[in-house]
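# Structural characterization, general
The lines below spell out each chain.
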Amino acid sequence: MSIASGTRGRHLTRRLVQLYAGLTLYGISSALLVLAGLGLEPWGVLHQGLAERTGLTIGVVSIVVGAVVLLLWIPIRQRPGLGTVSNVFVIGLAMDGTLALVPEIHGLPARIALLALGIVLNGVATGLYIAARFGPGPRDGLMTGLHRLTGRSIRLTRTLIEIAVVTTGFLLGGSVGVGTVLYALSIGPLAQFFLRFFAVPEATAGAAPGATAVGAPDATPGPGAVDAAVAPASPEGAILRR
């Protein structure tokens, strides 16, 4: 998907709102995981480790890492969308803004609650911005590009990337803990549910049973319609198979 092609079609306003609401919420949820202090998501571990080493804020590091990963798309011939470029900047800015506004949390029960809230909101955010169909984030695009280039499965490609990311981040001083494990176990089902929940109807010829009718723009398509519309090698397909 090119940047230009993603800004055409039905439901454009809704899709744009979903995209930026989802990316902002993703940054907020990632900041909540940092504040909980019980372990971060894989890329968050790397961002925190680099932030510790460089003295930059974790949001700025997220932006820099996203930009570097996006450059890796060039040799694997991935094409960015509006959502790809927006992902690089919006998430990092939302993270730093949240960390600047929300005070430090003390006490284990409060930190556990913050961890749970962060993971759930991260699932909501993923469903929002992926379902907007403006292109994958830099990190998801790297995964699907390497899958296409190497012929390895999405699951194996994702696993190897995240093991490398977590290990590097941990060695740099990033936080790995129970939150990292809970995130890994729960984000797939959460993202799958919210991806279907926030799916934007598309006008398709010969739609599968359960698909939204063209004349019903405010209806929500059924799971069968969403699954049928998701390409197996796409980031959406990868989420549905987590």
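Only a predicted model underlies this, so the values are computations on that prediction, with no experimental measurement involved.

## Observations concerning the packing of helix α2 (residues 42-54) against helix α3 (residues 58-71)
Where α2 contacts α3, the two axes come as close as 9 Å, and the packing angle between them is 115 degrees. Taken together, the axes of α2 and α3 are roughly perpendicular relative to one another. At the point where α2 passes α3, the crossing takes the right-handed sense. Across the interface between the two elements, W43, G44, H47, Q48, L50, A51 and T54 of α2 pack against I58, V61, S62, V65 and V69 of α3. Split by residue class, the contact of α2 with α3 holds seven nonpolar, five polar and no charged.

## Focus on the pattern of salt bridges
Applying the stated rule across the entire model yields two salt bridges. A salt bridge links R158 to D140; the nearest nitrogen and oxygen atoms lie 3.5 Å apart. Linking R158 in helix α8 (residues 154-172) with D140 in helix α7 (residues 138-150), this pair joins segments that are 18 residues apart in sequence. According to the relative accessible area criterion, D140 is buried, its value standing at 11%. Of the charged contacts in the structure, one is a salt bridge between R158 and E162, with a shortest N-O distance of 3.3 Å. Of the two residues, R158 and E162 are both situated in helix α8; the distance of four residues between them amounts to about one turn of the helix. The class for R158 is buried, based on a relative accessible area of 17%. Here the salt bridges share partners, and the residues they tie into one network are D140, R158 and E162.

## A look at a nonpolar patch on the surface
Taken together, the side chains of L56, V60, V64 and V68 present a nonpolar region at the surface, about 300 Å² in accessible area. Positionally, V60 belongs in helix α3. Since its relative accessible area comes to 33%, V60 is described here as partly exposed.

## Quick word on the nonpolar core
By size, the foremost hydrophobic cluster in this structure holds 45 residues, and its most contacted members are L19 and W43. If one sorts the elements of this core by residue count, helix α6 (residues 108-131) sits on top with nine residues. In this view, L19 contacts L82, G83, S86, Y129, A132 and F134; residues no more than four positions away in its chain are not counted.

## Section: the confidence of the model for the chain
Of the residues in the chain, 79% reach a pLDDT of 70 or more, and the chain-wide mean stands at 83. Segment residues 1-5 is flagged for pLDDT under 50; beyond a separation of four residues in sequence, or across chains, it makes 14 contacts in the model. In this model, residues 204-230 is a region of pLDDT below 50 whose contacts with residues beyond four sequence positions or in other chains number 30 contacts.

## Quick look at the packing of aromatic side chains
Tallied over the full model, the rule gives five aromatic pairs. Relative to F194, the ring of F193 lies with its centre 5.0 Å away and its plane at 80 degrees, an arrangement referred to as edge-to-face. The lysine or arginine in question, R139, covers the ring of W43, its NZ or CZ lying 5.3 Å from the ring centre.

## Overview of the packing of helix α1 (residues 12-36) against helix α5 (residues 82-101)
One way to put it is that α1 packs onto α5 with a least axis distance of 7 Å and a crossing angle of 40 degrees. Between α1 and α5, the crossing angle belongs to the class labelled oblique. By crossing handedness, the relation of α1 to α5 is classed as right-handed. Packed against α1, whose contacting residues are L16, L19, Y20, L23, T24, Y26, G27, I28, S30, A31, V34 and L35, the element α5 presents L82, G83, S86, N87, V90, I91, A94, M95, T98 and L99 at the interface. In the contact of α1 with α5, the residues fall into 15 nonpolar, seven polar and no charged.

Scoring rules and cut-offs
Residue numbering note: each chain is counted from 1, following its sequence as written. Only residues with pLDDT of 70 or above have their local features reported here, since the model is predicted, and side-chain atom pairs are shown and tallied only from 80 upward, although totals for entire chains, interfaces and linings are computed over all residues. The side-chain numbers reported here are obtained from all heavy atoms of the structure, hydrogens and water having been left aside. Axis lines are fitted to C-alpha atoms, over the contacting stretch for helices. Their N-to-C directions set the angle, which ranges from 0 to 180 degrees. Strands here are runs of E lasting at least two residues and helices are runs of H or I lasting at least four, both read from the DSSP assignment and numbered beginning at the N terminus. Oblique is the label for any angle not covered by the other classes, which are roughly parallel (under 35 degrees), roughly antiparallel (over 145) and roughly perpendicular (65 to 115). Helix crossings fall into two classes, left-handed where the near helix is turned counterclockwise from the far one by less than a right angle and right-handed where it is turned clockwise. In what follows, residue pairs with any heavy atoms lying within 4.5 Å of each other are defined as contacts. Amino acid classes used here: Ala, Val, Leu, Ile, Met, Phe, Trp, Tyr, Cys and Pro are nonpolar; Asp, Glu, Lys and Arg are charged; the rest, including Gly, are polar. What makes a salt bridge here is a side-chain nitrogen of Lys or Arg within 4 Å of a carboxyl oxygen of Asp or Glu, nothing more. A 1.4 Å probe rolled over the protein chains alone gives each residue an accessible area, and that area as a share of the maximum for its type sets the label: buried under 20%, exposed over 50%, partly exposed in between. Each patch groups residues whose relative accessible area exceeds 30% and which form no salt bridge, using 9 Å between like charges and 5 Å between nonpolar side chains of Val, Leu, Ile, Met, Phe, Trp and Tyr. The Shrake-Rupley method, run with a 1.4 Å probe sphere, supplies the accessible areas, and residue values consider only the shown protein chains as cover. Here the nonpolar core consists of buried residues drawn from Ala, Val, Leu, Ile, Met, Phe, Trp, Tyr and Cys, with membership extended through side-chain atoms lying within 4.5 Å. Note on scores: pLDDT gives the predictor's confidence for each residue, bounded by 0 and 100. Put simply, two rings from Phe, Tyr or Trp (the six-membered ring, in Trp's case) pair if the centres are within 6.5 Å, and we call them stacked under 30 degrees between planes, edge-to-face over 60, tilted for the rest. Counting as a charge over the ring demands two things of the Lys NZ or Arg CZ atom: a distance within 6 Å of the ring centre and an angle within 35 degrees of the ring normal.

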